[in-house]
Amino acid sequence: AAVNNNPFEYWITHPKSEYKQLMESVERFISQPGEEDVMVHEVFTDEMFQRLTERMRSAELEGIDVVEKLWSSTYRTRRIVTEFLR
């Protein structure tokens, strides 16, 4: 069997009903985010992205220019659930 890296497909059995309610709420949100399906940049802001790229530069990583282009042209304006998580 293949390894499943999808954290949304797992939850444990827990004696507290609040845990089940939480997980069912998360499941509903991922399935039907509605108005809460905001743009990625509303959650991970441009300022956060700039701090990330600064750290990447400090670590002397390669390809940062490609990452910046992808952020600007693709990921920044995607909907957080329907166009990014799913």
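See above for the structure.
Residues numbered from 1 in each chain as written. Predicted model: local features only at pLDDT ≥ 70, side-chain atom pairs only at ≥ 80, totals over all residues. Heavy atoms only, no water.

Undergrad: What is the right way to read the pattern of salt bridges from this model?
TA: Side-chain pairing between opposite charges can occur once the charged atoms of the two side chains come close. By the definition in use, this model includes 4 salt bridges. The shortest N-O distance in the salt bridge between K20 and E24 comes to 3.7 Å. Of this pair, K20 and E24 are both found in helix 1 (residues 17-31), 4 residues apart, which corresponds to roughly one turn of the helix. Taking relative accessible area as the criterion, K20 reaches 49% and is therefore assigned partly exposed. E68 is paired through a salt bridge with R57; the nearest N and O atoms lie 2.9 Å apart. Here E68 is found in helix 4 (residues 64-75), whereas its partner R57 is found in helix 3 (residues 46-58), with 11 residues between them in sequence. Judged by its relative accessible area of 24%, E68 falls in the partly exposed class. On the accessibility criterion, R57 (44% relative accessible area) is partly exposed. (Salt bridge = Lys/Arg side-chain N within 4 Å of Asp/Glu carboxyl O. Helix = DSSP H or I, 4+ residues; strand = E, 2+ residues; numbered from the N terminus. Buried < 20%, exposed > 50% of the residue type's maximum accessible area, 1.4 Å probe, protein only.)

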